[in-house]
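Residues per chain, in single letters:
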Amino acid sequence: MKDHHDPEYAALPGEENDSPEFGRRGSTGVFALIAAAMSLLVVLAVALSGGGGGGAVEEGVVDVVVRGVREGVSEKSSGVRLSGGAAHPWSNEELIWQRTAYHFQPFKNWMNGPLFYKGWYHLFYQYNPVSAVWGNITWGHAVSRDLINWIHLPLAMVPDHWYDMNGVWTGSATFLPDGSLVMLYTGSTNESTQVQNLAYPADPSDPLLLNWVKSKANPVLVPPPGIGSKDFRDPTTAWFIESDNSWRVTIGSRNGMTGFSLVYKTKDFVEYELLDGVLHAVPGTGMWECVDFYPVSTTGNGGLDTSANGPGVKHVLKVSLDNYMNDYYAIGTYDARANTWTPDDPVADAGIGARVDYGKYYASKSFFDQNKGRRVLWAWIGETDSERTDLRKGWASVQSPPLQTIPRVVTFDEKTQTNLLQWPVEEVEALRTDAKEFSDVKVIPGSVVPLDVGTATQLDIEAEFVIDEAELERTVEADVGYNCSTSAGAAGRSALGPFGLLVLADEDLLEQTAVYFYIGRAIDGSLKTYFCQDELRSSKAKDLVKRVYGSTVPVLHGEKLSVRILVDHSVVESFGQGGRTCITSRVYPTKAIYGAACVFLFNNATEAVVTATSVRVWGMNAASVPTMLS
C-alpha cells in the first residue's frame, strides 16, 4: 500500500458539483444481500430492464420525466441535469455490488411503515410490483424477530377500491386498550383525491397479520373545506386523551407555503371531529407530509407510549418537507386542552431548525416498541443516481425495516437539553465480526493513515479523536460562517480541520467518502464544531448527485469527538457525538468496491495534530431475508 504520511501532502482534489437534487416521497427498504441467489436475481433484473453484459448506456446528459407534481406526491428523480457529464456505463458487477448486505431491501421497488405485534416486528412498505419507479402503490409486508433479519410475506393491501384506486399510501398503526390494532392510511382515490381510510386485521390472533380488512365506512376522512385535494395525507399514530376518553390523530397539510398539521378527535376511528385551529404551523415550510408526533422522557426513562404526557415529558414534532425533501424536528410542549404544541426554541422550529438527518434521508417514521420499552425510528434512503439506472438495476431506494436505514433508538439528550439522540438498535451489533482496534494514532497535519481492516465494504466503525487543548488555544484563525454544504468538503483546509475517516476509498484515494469534524473559531474566540460527510469524491461516475452534508454538533466540555459509521456497500450512515447529529449517504464507487475498498484516517488541518485515541472496526455479516412461501 502506498505511503500517505507525507507532511507535504496536498489538499484532497476538488470536484465540481453544481447538480440540483430532487427527491421522491415514499419509503424504500434496504435488504440484505443473500449471496449468489440474490446476485442472480439482480443480474436477471438488470438484463430484463435492458442492461447488457457491458452495461452500455448512451452518452450525454441524463434527462428524466418528473411525474410527482401531477400525482400530488414527490417522486424519486435525481434531476434534469446530474453532474453534467456523460452517463456512466454501469456494469453488472458494479450494480450488483451496490446492493446492501445488512440493510433491509425489497426484491425491487419502493418502501413504507412499523409496529410490534405478538412477538414480531412488522414492516409495511409502499411497493410497485411491476416497475422500479413510482406508481401502482400497494403494501408489501415483511416481519422480523430482531429488526435486522427479515422474512418477506405476501402483499398486505392492494389498491382495489375507489377510495385507494390510485395507491395505498402511508399509514400508521394504533393499539387500543384491549390490545386490538387499527390502521389508518392515506388512499389516493380514482380522482386522485387524498383521503384517510381505516383497516384492521382479519384475524387478530394471527401474529403475522397476513390478511387485512378495509372498513366499509371508508373513506373515514376527506379533505376539509379550504384544504387542497392533494394536500391531505399521512395520518399519525393516534394518542389517547383521558380527560375526554377520546383519541387524537394529526394529518399534514398546507396553506400556500405555510405547512401545518390538522388534529382530529375520535372515539371509534370511524367518526371524527376536526378540532379548531391546528396543532402547529410554520410559514415558508410548504407541504408537511409524514408528520410524526410523539413524547420523549426528559428523565432517562426510555421510550414512551405515544399517549404519554405530563411532568418529565416533552413532545417531538417531526415534519417531512415535500418542497425540500428533508426531515426536520423540534422539541416542545403539548397542551392537549388547547390542542397546540409550542416549540422550546421558536428560532429552531419544526421545518426551520434541526434536521433528523442531514443526508439523504426522508419520510421518517417512529413507533413505540413495547417489547423493549424504546422508541424506534426508520426512514427512506433515496437513490442519488439517475432514474434510468434504477430501471437497469430493477430495484430502487434503500430502506431499512420500518421506513429506511438501520432502525434507530430515539432519546432526549439529557446533557444538552436541546436535541434528540439517535443510535442504531442494539440488535445490529449481533452482525459484528473480526474486530480490529487501533489506539493513540497521531495524525499530523496534511496526512492520511491507512487502517488495515481487511474487507471494507461492510463495516461498523467507532472512533474517538482529541486535539491538544494547548493547540486549540494557540490557534487564533477566525472562521466565520463555515457551512458543510457550501464548503470544499474534505479538500478544504483550515487550522483545525477537517479530520476524520475516509471510507469506501480506493488505495490511490481517487474515490473516497469522507466523514469528518471541522472546528471553526468565531470572532469572539469561541469554538464551534461541525460534523460533515463529503460525497464529492465518492465516485468517478458523473451521472450522480454528490453533495457535502452536515451541520454543527454540540460538544460539551471534556467530551472527546466521537463518531460511529455504518458502511454497507452503497450506504454510509454516520452518528456524531453519540447521535446528536446524523448523516446518511448513498454512494456509488466504481473503483473502491469489493476487495479494493479501504479505510483511512485523515487530517487535512494546517496546524492541529489530531490523535485518534480509539478506533474500533468490525466487519459485518449479512442479514438474513428469506421469503416465506404462502
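Note that the structure is a prediction, hence the values are computed from the model and not measured.

Trainee: Got a minute to help me understand the state of the cysteines in this structure?
Mentor: Should the sulfur atoms of two cysteines be covalently bonded, the bond is a disulfide. All told, the structure shown has 1 disulfide when counted by the stated rule. Note that Cys-484 is cross-linked by a disulfide to Cys-532, the S-S spacing being 2.1 Å. Handedness here is read from the sign of the S-S torsion; for Cys-484 and Cys-532, about -55 degrees, the answer is left-handed. Of this pair, Cys-484 sits in the loop between helix 5 (469-474) and strand 27 (499-505) while Cys-532 sits in strand 29 (residues 527-534); the two residues are 48 residues apart in sequence, bridging distant segments of the chain. When its relative accessible area of 2% is taken as the criterion, Cys-484 is described as buried.

Trainee: Help me understand the confidence of the model for the protein chain, please; the structure alone is not making it clear to me.
Mentor: When pLDDT is averaged across the protein chain, the result is 84; 81% of the residues are at 70 or more. This model gives residues 5-11 a pLDDT under 50, and the stretch forms 16 contacts once residues within four places in sequence are excluded.

Trainee: Looking at this structure, how should I read the pattern of salt bridges?
Mentor: Two side chains bearing opposite charge may form a pair once their charged atoms approach each other closely. For the coordinates displayed, the defined rule picks out 26 salt bridges. Ionic pairing is found between Asp-369 and Arg-374, a salt bridge with its closest N-O pair at 2.8 Å. Taking relative accessible area as the criterion, Arg-374 reaches 7% and is therefore assigned buried. The residue Arg-616 makes a salt bridge to Glu-462 at a minimum N-O spacing of 2.8 Å. Of this pair, Arg-616 sits in strand 35 (residues 610-620) while Glu-462 sits in strand 26 (residues 458-467), placing them 154 residues apart in sequence. We classify Glu-462 as buried; its relative accessible area is 17%.

Trainee: Would you take a moment to explain the environment of Val-356 for this structure?
Mentor: Topologically, Val-356 is positioned in the loop between strand 18 (354-355) and strand 19 (362-369). The exposure class assigned to Val-356 is buried, which follows from its relative accessible area of 5%. Spatially, the C-alpha atom of Val-356 lies 9.3 Å from that of Ala-330, the residues being 26 residues apart in sequence.

Trainee: Help me understand the pairing of strand 14 (residues 288-297) in this model?
Mentor: Put simply, side chains in a regular strand alternate between the two faces of the sheet. Burial of strand 14 is extensive: 10 of the 10 residues sit out of reach of the surface. Across 8 bridges, the pairing between strand 14 and strand 15 (residues 313-321) is antiparallel. Along strand 15, the bridge assignment pairs Trp-288 with Leu-321.

Trainee: What is the right way to read the sheet that holds strand 2 (residues 120-127) from this model?
Mentor: Sheet strands associate in pairs through backbone hydrogen bonding, adopting either a parallel or an antiparallel arrangement. On the basis of which strands lie adjacent, the open sheet formed by 4 strands has the order 1-2-3-4 and antiparallel pairing. Edge strands, defined here as strands with exactly one partner in the open sheet, are strand 1 (115-117) and strand 4 (150-157). Each strand of the sheet is rotated relative to its neighbour by a mean of 35 degrees, with strand direction disregarded. With 5 bridges joining them, strand 3 (residues 138-144) and strand 4 adopt antiparallel strand pairing. Within strand 4, the position partnered with Ser-144 by the bridge is Trp-150.

Trainee: How do you make sense of the nonpolar core when you look at a structure like this?
Mentor: Inside soluble globular proteins, nonpolar side chains tend to come together where they are buried. Ranked by size, the top nonpolar core spans 44 residues in total, and within it Ile-461, Phe-465, Leu-501, Val-563, Leu-601 and Val-615 carry the most contacts. Mapped by element, the contributors of at least two residues to this core are strand 24 (432-443), strand 25 (447-451), strand 26, strand 27, strand 28 (513-521), strand 31 (561-568), strand 34 (598-603) and strand 35. Membership of the second largest hydrophobic core comes to 24 residues, among which are Ala-142, Val-425, Ala-623 and Val-625.

Trainee: Looking at this structure, how should I read the side chain of Ser-585?
Mentor: Along the polypeptide, Ser-585 turns up in strand 33 (residues 581-586). In this structure Ser-585 comes out as buried when scored by relative accessible area, which is 0%. Separated by 2.9 Å, the side chains of Ser-585 and Gln-533 make a polar contact. With sequence-adjacent residues up to four places away left out, Ser-585 is seen in contact with Gln-533, Glu-535, Tyr-549, Ser-570, Val-571 and Val-572.

Trainee: Is there a simple way to think about the packing of aromatic side chains in this case?
Mentor: The relative placement of two aromatic rings is captured by the distance of their centres and the angle of their planes. One pass over the full model with this rule turns up 28 aromatic pairs. Here Phe-232 and Tyr-264 contribute two aromatic rings whose centre-to-centre distance is 6.3 Å and whose plane-to-plane angle is 70 degrees, an arrangement assigned as edge-to-face. Taken together, the residues span a long stretch of sequence, with Phe-232 in the loop between strand 8 (212-214) and strand 9 (239-241) and Tyr-264 in strand 11 (residues 258-266) at a distance of 32 residues. What makes Phe-232 buried here is its relative accessible area of 0%. Using a relative accessible area of 3% as the deciding quantity, one classes Tyr-264 as buried. Counting every residue linked through ring pairs, the aromatic cluster contains Phe-116, Tyr-121, Phe-367 and Trp-378. The ring of Tyr-117 is capped by Lys-118, whose NZ or CZ atom sits 5.3 Å from the centre of that ring.

Trainee: Could you clarify how one ought to interpret the pairing of strand 26 in this entry?
Mentor: When you tally the buried positions in strand 26, you get 8 out of 10 residues, the bulk of the element. The pairing of strand 26 with strand 35 spans 9 bridges and is antiparallel. Within the sheet, the bridge partner assigned to Ile-467 lies in strand 35 and is Val-610.

Trainee: Looking at this structure, I do not really get the sheet that holds strand 8. What am I missing?
Mentor: Read from one edge of the open sheet, 4 strands run 5-6-7-8, paired in antiparallel fashion. A single partner strand is all that each edge strand has here, and the edge strands are strand 5 (168-175) and strand 8. Going across the sheet, the axis of each strand differs from the next one's by a mean of 30 degrees, ignoring polarity. With 6 bridges joining them, strand 5 and strand 6 (residues 181-188) adopt antiparallel strand pairing. Bridging from a neighbouring strand, Phe-175 pairs with Leu-181 of strand 6.

Trainee: Would you mind going over the environment of Glu-414 with me for this structure?
Mentor: Along the chain, Glu-414 falls in the loop between strand 22 (408-412) and strand 23 (420-424). For Glu-414, a relative accessible area of 42% corresponds to the partly exposed category. As for Glu-414 and Thr-299, which are separated by 115 residues in sequence, their C-alpha atoms are 7.2 Å apart. Within polar-contact distance, the side chain of Glu-414 engages the backbone nitrogen of Gly-300 at 3.4 Å.

The rules behind each value
Residues numbered from 1 in each chain as written. Predicted model: local features only at pLDDT ≥ 70, side-chain atom pairs only at ≥ 80, totals over all residues. Heavy atoms only, no water. Disulfide = S-S within 2.5 Å. Helix = DSSP H or I, 4+ residues; strand = E, 2+ residues; numbered from the N terminus. Buried < 20%, exposed > 50% of the residue type's maximum accessible area, 1.4 Å probe, protein only. pLDDT = per-residue confidence, 0-100. Contact = heavy atoms within 4.5 Å. Salt bridge = Lys/Arg side-chain N within 4 Å of Asp/Glu carboxyl O. Pairing = 2+ DSSP bridges. Axes fitted to C-alpha atoms, helices over the stretch in contact; angles between N-to-C directions. Core = buried A, V, L, I, M, F, W, Y, C linked by side-chain atoms within 4.5 Å. Polar contact = N/O pair within 3.5 Å; in protein donor to acceptor, adjacent residues only side chain to side chain. Phe/Tyr/Trp six-rings, centres within 6.5 Å; stacked < 30°, edge-to-face > 60°. Lys NZ or Arg CZ within 6 Å of the ring centre and 35° of its normal.

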